[in-house]
There are 2 protein chains.
Amino acid sequence: MAQVDLVVGDLDGNRAMVRDRVRRAAEAGAQLVVFPEMTLTGYPPEDLVLRESFRQASCAALTGLATELAAAGHGDVAVVVGYLDADGGPRNAAAFVQDGRVVARYFKHHLPNYGVFDEGRYFKAGRELSVVNLGGVDIGLTICEDVWQDGGPFAAAAVAEVGLLVNINGSPYERNKDDVRLELLGRRAREARSAVVYVNQCGGQDELVFDGDSLVVAADGTLLARAPQFVEGLYLLELDLPASTGCTAERAGELPVRRYQAPLPPRAPAGPLAEPLGIAERLPDEAEVWGALVTGTRDYAVKNGFASVVLGMSGGIDSAVVAAIAADAIGGANVYGVALPSDYSSEHSLADAVQLAANLGAPLQTVPIAPMVSAFVESLKLTGLAEENVQARVRGTTLMGLSNQHGHLVLATGNKSELSVGYSTIYGDAVGGFAPIKDVGKTLVWQLARWRNAEAARRGEVPPIPENSISKPPSAELRPGQLDSDSLPDYEVLDKLLALYIDTDAGFDDLLAAGFDEALVTRVSRMTDAAEWKRRQYPPGPKISLKAFGRDRRLPITNRWREHG
Amino acid sequence: MAQVDLVVGDLDGNRAMVRDRVRRAAEAGAQLVVFPEMTLTGYPPEDLVLRESFRQASCAALTGLATELAAAGHGDVAVVVGYLDADGGPRNAAAFVQDGRVVARYFKHHLPNYGVFDEGRYFKAGRELSVVNLGGVDIGLTICEDVWQDGGPFAAAAVAEVGLLVNINGSPYERNKDDVRLELLGRRAREARSAVVYVNQCGGQDELVFDGDSLVVAADGTLLARAPQFVEGLYLLELDLPASTGCTAERAGELPVRRYQAPLPPRAPAGPLAEPLGIAERLPDEAEVWGALVTGTRDYAVKNGFASVVLGMSGGIDSAVVAAIAADAIGGANVYGVALPSDYSSEHSLADAVQLAANLGAPLQTVPIAPMVSAFVESLKLTGLAEENVQARVRGTTLMGLSNQHGHLVLATGNKSELSVGYSTIYGDAVGGFAPIKDVGKTLVWQLARWRNAEAARRGEVPPIPENSISKPPSAELRPGQLDSDSLPDYEVLDKLLALYIDTDAGFDDLLAAGFDEALVTRVSRMTDAAEWKRRQYPPGPKISLKAFGRDRRLPITNRWREHG
């Protein structure tokens, strides 16, 4: 199982990666190597699929790869690789490659068109089950969503009497999804009466993080092997598979069955595997979320050519957690902190920022914002909220100036609670190329900070996040003595309400039934609706929840619908 | 034909509008009143469809409306109205209402899931043709995309022998689409052997502008009536329709036919119509585009509660055209101009801005940016591009400060050529709630300016746009003597290349075949690809082209695909 990281659009790079992994797998004795969904194009390629030049290049990359593998002496290894085909329309396709050629193809049957997925926009659905006989074992090919829906190739596989089902994936992380996956895989294996090898990619692509978590289950649903989350690798294991039953059914339920013969027998086993994959331990929730945020941040930076990041370090919890994520992603020395004190900053703010930078080994620069702020306030005669916002925007402009001067990626530090109710300044604290915690509610931010510090203590390292940043009451510090609690409900209550309103589309009656106060429901839902225009201009950040802001939640800005009794 | 403006989510407001228009139509003698697609919810409601509370409210609004119409004495008027149904899944639905009740329903058959449309995400497709007999005439109901695709209800209508097909629409404007529509309607009418009444909404919704252009064609495809573009109204006409053939076919091709009887005969004709609709004249291309931009800008402002706008008036062509659009949309007195001269601004810039404001009757304020810029440059030691960008960001922060202080909507003035190649400063000239010309290439901006001035001259009014803003070479004026032509190809060439690369997804070979220089293709395609992250944070603006930035074009930010030979 090649649980690998892909780069969207990088046909050459992804193809070179496949060659390298096949070589390493062959050296380790593998007979069959399975790569994730759309290996060659990266996933999701979005509207690149609509370009004929890209579709042609993907098809050419596949045939070129097959030739190269044989030329490198790996023609006897069977390889399942995902790519974009153009046969009768764009296809989300899997190829079975051996002996220098494409032996069989399979086109994805179920095309997800919900949540973050737009596959109905891009692909024509496949309407056949592809089964390849490799050394006497019948192997069925399937792709991602095929395993999540009833009917289609998994149901057909039982009738076609396959001995192994391969399922290749680009399945984005969200909290607790790994539990759902495992239960599902077991059920599908039993339905199909076949072992299932589920291979997922691992890495970040814009707002999506793929967590790997590749799995193998036996025909009776027993978990045989599980790769770790967020760790790239070649995971090897040996499976005893039943010989072909000789079934020649030409249809399986609604689907025609197309059978192929692999040209070569599987490579001779090289003896017992050095390190067969066992069952990776289930990560605690915080570790899993932290892994997703670090992976998403690292891959956005690296894949877009940034070696360093810059962010405002306010002394507060949000910027501290973002800095710690960035330090885990690309190293503390590459995390440039900027303290941006104003007349309203409290004494402890700068001290907490200094402590944070020291803990992370991050360079810290201090830029007092008073000269710039007073230039605006005097020129424009600003007061009240307009004056508060100017402070945030001077900070944003400062960070962007340093980014332009030094080439750092700017990280925005807003959390999901703020972003929901619009408690942020557009073009101020909202500036950035990436926003690591935009899908993390404030209460989870605190929880992650405590977990990360405890984890450091467990490993005998310095806890990165200053205790004071965790324990002090949150404040935007845009006016004297300001506290978040002046403007917002208690975060414990707010986050519970938002999880229902946003993640589950709960309406007024549902929220009342869940025990929330009527006035609070009205206030929070209106604040959330009114902030849509700001969210539309917010930087991307990693999805970790059931419903993240972005492609996952598409609401109009101009929208007079209000939840009410 | 009720060619009306809708507000998404405003079930109460849209319903009140329907009541009012039915009353007025009844007074004018109408027997049948047809409203656009999803009249009650507004279109497109996007993810509101996923809320059960919203679906229920839409169904309740429909039955409430039927009751109200009868109570108001209009029970004898037949009304076709669009709404969101929840029968067996969310449905894009049309209801035939008469006598205080919902007589018949139809669920949209073809669900568009391309371009700006995501209907596969939301709706379950209908699989029946609904035919209502009203006073002896068989009327088939269809919705929007049904007329654009082969097969489905239009093909079925011929077999079912209907006498009239009603097609209700939320069909967004794009250039030259009206010609395509007319040709299509004629062809479908001939196929269906039935007259077709095509009713489209009129108004702006975020990035979409609906242009009306409601049409009636006879069974032989002859155009009988055409409502003007961008003008709300009740358009009346008399049609002689064939009596029912008595066809009782229960299936028409692939579709079951469901037949209904209207409970009441049509109202007695009140005599000849006072003002029957004729055939509205086809607008020249510039007038049509201008109409779309004005409608989109006005509706975004008004529907989101803004009575005034603010924008930077640089003396250049882009801000002049945006100001003129805004003045046509909400009146020049509500367009607040801000001149933001720097040390690099040329003498004519301020003079041209003053002239523009005077032409429009717009208030103009001058805020020299030097004090703010030097505060940043000195604090941060900025040079080169970083210093140029600070100027743009000081302007952006100034406009946002004035917006916060006075409640104006900020308009961004960037054009599509700049936005394509990333020739703009994020959080600088890119700030705003709405961007009226984001889908207008620079050459079209000039063309619109000349057209608008000529139009003013024709009407005996002051041409709004200073001649000097049109004729001078474009410059961002961020360093001494800077011209756009220092950094960009000639706009005539650039816009032609971008139209192919963006609107038609042309690849490297296509662009070479179209006669563009290899180095230019490489340079422009790379600049365009690299600017995706900036576009993602750009404000919304009206779509006028085949492919606008936004929902219409979904490319990854992290993307290593490059067009090359």
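Residues numbered from 1 in each chain as written. Chains lettered and ligands numbered in written order. Predicted model: local features only at pLDDT ≥ 70, side-chain atom pairs only at ≥ 80, totals over all residues. Heavy atoms only, no water.

Peer 1: Before we move on, could you go through the overall build of chain A and cite the residues and values that matter?
Peer 2: Across its full length, chain A carries 18 helices and 20 strands. A compact globule built from 565 residues should have a C-alpha radius of gyration of about 24 Å, and chain A, at 26 Å, falls within 12% of that. If you line up chain A on its principal axes, its C-alpha atoms span 85 × 55 × 45 Å. When each of the 565 residues of chain A is scored for burial, the buried share is 63%. (Helix = DSSP H or I, 4+ residues; strand = E, 2+ residues; numbered from the N terminus. Rg over C-alpha atoms; globule rule 2.2 N^0.38 Å. Buried < 20%, exposed > 50% of the residue type's maximum accessible area, 1.4 Å probe, protein only.)

Peer 1: Lay out the environment of A:Glu183 in plain terms, naming residues and giving numbers.
Peer 2: All names here are of chain A. Counting through the fold element by element, Glu 183 comes out in helix α5 (residues 177-192). Overall, the relative accessible area of 46% leaves Glu 183 in the partly exposed class. Residues Glu 183 and Leu 223, 40 residues apart in the sequence, show an inter-C-alpha distance of 9.6 Å.

Peer 1: Just give me the short version of the sheet that holds strand β17 (residues 309-312) of chain A, but keep the residues and values in it.
Peer 2: Sheet strands line up and pair through hydrogen bonds in the backbone, either parallel or antiparallel. Residues and elements named next belong to chain A. The strand order β19-β18-β17-β20 describes an open sheet built from four strands, whose pairing is parallel. The two strands at the open ends of the sheet, each matched to only one other strand, are β19 (364-366) and β20 (409-410). In the packing of helix α7 (residues 317-330) onto the sheet, the strands contacted are β17 and β18 (335-339), and the crossing angle to β17 comes to about 170°. (Pairing = 2+ DSSP bridges. Contact = heavy atoms within 4.5 Å. Axes fitted to C-alpha atoms, helices over the stretch in contact; angles between N-to-C directions.)

Peer 1: Please provide a residue-by-residue account of the packing of aromatic side chains, values included.
Peer 2: Two descriptors summarise a pair of aromatic rings, namely the distance from one centre to the other and the angle between the planes of the rings. Considering all chains together, one arrives at 17 aromatic pairs over all chains under this definition. Centroid distance A:Tyr173 to A:Phe230: 5.7 Å. Interplanar angle 65°. Geometry classified as edge-to-face. Highlighted residues: A:Tyr173 in the loop between β8 (164-169) and α5 and A:Phe230 in the loop between β13 (223-226) and β14 (233-234), separated in sequence by 57 residues. With respect to class, A:Tyr173 is no different from A:Phe230; both count as buried. Both rings, one in B:Tyr300 and one in B:Phe434, keep their centres 4.5 Å apart while their planes meet at 20°; by these two values the pair is stacked. In this pair, B:Tyr300 sits in helix α6 (residues 285-303) while B:Phe434 sits in the loop between α11 (416-421) and α12 (442-458), placing the two residues 134 residues apart along the sequence. Take B:Tyr300: its relative accessible area is 4%, and that puts it in the buried class. (Phe/Tyr/Trp six-rings, centres within 6.5 Å; stacked < 30°, edge-to-face > 60°.)

Peer 1: Go over the relation of the copies chain B and chain A, please, and point to the residues and values.
Peer 2: Two chain copies, one operation linking them: a rotation about an axis together with a shift along it. Of the two same-sequence chains, chain B is brought onto chain A (RMSD 0.0 Å, axial shift 0.0 Å) by a rotation of 180°. Between the two chains, the operation in question is that of a two-fold axis. Relative to the rotation axis, the C-alpha of B:Gln537 is the closest in chain B, positioned 2.0 Å from it. A share of 99% of the interface residues of chain B reappears at the interface of chain A, consistent with the copies meeting face to face through the same patch. (Least-squares fit on C-alpha atoms with pLDDT ≥ 70 in both.)

Peer 1: Which residues make up the sheet that holds strand β19 (residues 364-366) of chain B, and what values go with them?
Peer 2: Residue and element names in this part refer to chain B. Strand order in this open sheet of four strands is β19-β18-β17-β20, and the pairing throughout is parallel. Every other strand in the sheet has two partners, leaving β19 and β20 (409-410) as the edge strands with one partner each. Inspection of the sheet shows strand β17 (residues 309-312) paired to strand β18 (residues 335-339) by four bridges, in the parallel sense. In the strand pairing of β18, Leu 311 is matched with Gly 337. This element, helix α10 (residues 384-406), spans β17, β18, β19 and β20 of the sheet and lies at about 165° to β17.

Peer 1: Give me the lowdown on helix α1 (residues 11-27) of chain A, citing residues and values where you can.
Peer 2: Residues and elements named next belong to chain A. For α1, which comprises 17 residues, the first-to-last C-alpha distance of 24 Å matches the rise-based estimate of 24 Å (1.5 Å per residue) to within 8%. Burial in α1 covers these residues: Leu 11, Asn 14, Arg 15, Met 17, Val 18, Arg 21, Val 22, Ala 25 and Ala 26. One side of α1 holds all its buried residues, which, seen down the axis, span an arc of 165°. Turned more than 90 degrees away from the buried face of α1 sit Asp 12 and Glu 27, all of them exposed. Where α1 is buried, its residues contact β2 (32-34), α2 (52-71), β3 (78-85) and β14. Just downstream of α1 lies Gly 29, where phi reads positive at about 100°. (Expected span 1.5 Å × (residues − 1). Arc of directions from axis to C-beta.)

Peer 1: Which residues make up unusual backbone geometry, and what values go with them?
Peer 2: Looking along the chain, the bond that leaves A:Tyr43 and enters A:Pro44 is cis, with omega of -5°. As for its position among the elements, A:Pro44 is in the loop between β2 and α2. One non-glycine residue, B:Glu477, lies in positive phi territory at about 50°. Tracing the backbone shows B:Glu477 in the loop between α13 (467-471) and α14 (484-487).

Peer 1: Describe the pairing of strand β10 (residues 202-205) of chain B, with residues and values.
Peer 2: Residue and element names in this part refer to chain B. Neither face of β10 is exposed, since Cys 202 and Gly 204 on one face and Gly 203 and Gln 205 on the opposite face are all buried. Here β10 pairs with strand β11 (residues 208-211) via four bridges, running antiparallel. Looking at β11, one finds that Cys 202 is bridged to Asp 211. Here β10 hands over to β11 after two residues, with Asp 206 in that stretch at a positive phi of 55°.

Peer 1: Pulling in residues and values, what's your account of the pattern of salt bridges?
Peer 2: Evaluated as defined, the whole model comprises 103 salt bridges over all chains. A:Asp213 is the partner of A:Arg226 in a salt bridge, and the nearest nitrogen-oxygen pair spans 2.7 Å. Remark: A:Asp213 occurs in the loop between β11 (208-211) and β12 (215-217) and A:Arg226 occurs in strand β13; sequence separation between them is 13 residues. When its relative accessible area of 2% is taken as the criterion, A:Asp213 is described as buried. Among the ionic pairs, B:Asp76 bridges to B:Arg267, the shortest N-O distance being 3.3 Å. Of the two residues, B:Asp76 is situated in the loop between α2 (52-71) and β3 (78-85) and B:Arg267 in the loop between β16 (255-261) and α6; the sequence distance between them amounts to 191 residues. Where salt bridges share partners, they join A:Asp20, A:Arg21, A:Arg23, A:Arg24, A:Glu27 and A:Glu232 into one cluster. (Salt bridge = Lys/Arg side-chain N within 4 Å of Asp/Glu carboxyl O.)

Peer 1: Pulling in residues and values, what's your account of the packing of helix α15 (residues 491-503) of chain A against helix α17 (residues 518-530) of chain A?
Peer 2: Residue and element names in this part refer to chain A. The contact between α15 and α17 brings their axes to 11 Å, and the two run at 65°. In terms of crossing hand, the pair formed by α15 and α17 is right-handed. Where α15 approaches α17, its residues Val 493, Leu 494, Leu 497, Leu 498, Tyr 501 and Ile 502 are matched on the opposing element by Leu 520, Val 521, Val 524, Ser 525, Thr 528 and Asp 529. Here the contact of α15 with α17 is built from residues that sort into nine nonpolar, two polar and one charged. (Left-handed = near helix turned anticlockwise from the far one by under 90°. Nonpolar A, V, L, I, M, F, W, Y, C, P; charged D, E, K, R; others polar.)

Peer 1: Explain α5(A) residue by residue, including any values.
Peer 2: Residue and element names in this part refer to chain A. With 16 residues, α5 ought to run about 22 Å at 1.5 Å a step, and its terminal C-alpha atoms sit 22 Å apart, in line with that. For α5, every residue scored as buried is listed here: Lys 177, Asp 178, Arg 181, Leu 184, Leu 185, Gly 186, Arg 188, Ala 189 and Ala 192. The positive-phi residue at the C-terminal boundary of α5 is Arg 193, with phi of around 50°.

Peer 1: Account for the confidence of the model for chain A, with residues named and values stated.
Peer 2: For chain A, the mean per-residue pLDDT works out to 96, and 100% of the residues sit at or above 70. The ipTM value of the predicted complex is 0.96, and its pTM value is 0.97. (pLDDT = per-residue confidence, 0-100.)

Peer 1: Quick one: what's the story with the side chain of B:Ser424, residue by residue and with numbers?
Peer 2: All names here are of chain B. Position of Ser 424 relative to the elements: it lies in the loop between α11 and α12. Residue classification places Ser 424 among the buried positions, given a relative accessible area of 15%. The residues touching Ser 424, leaving out its near neighbours within four places in the chain, are Asp 429 and Lys 534.

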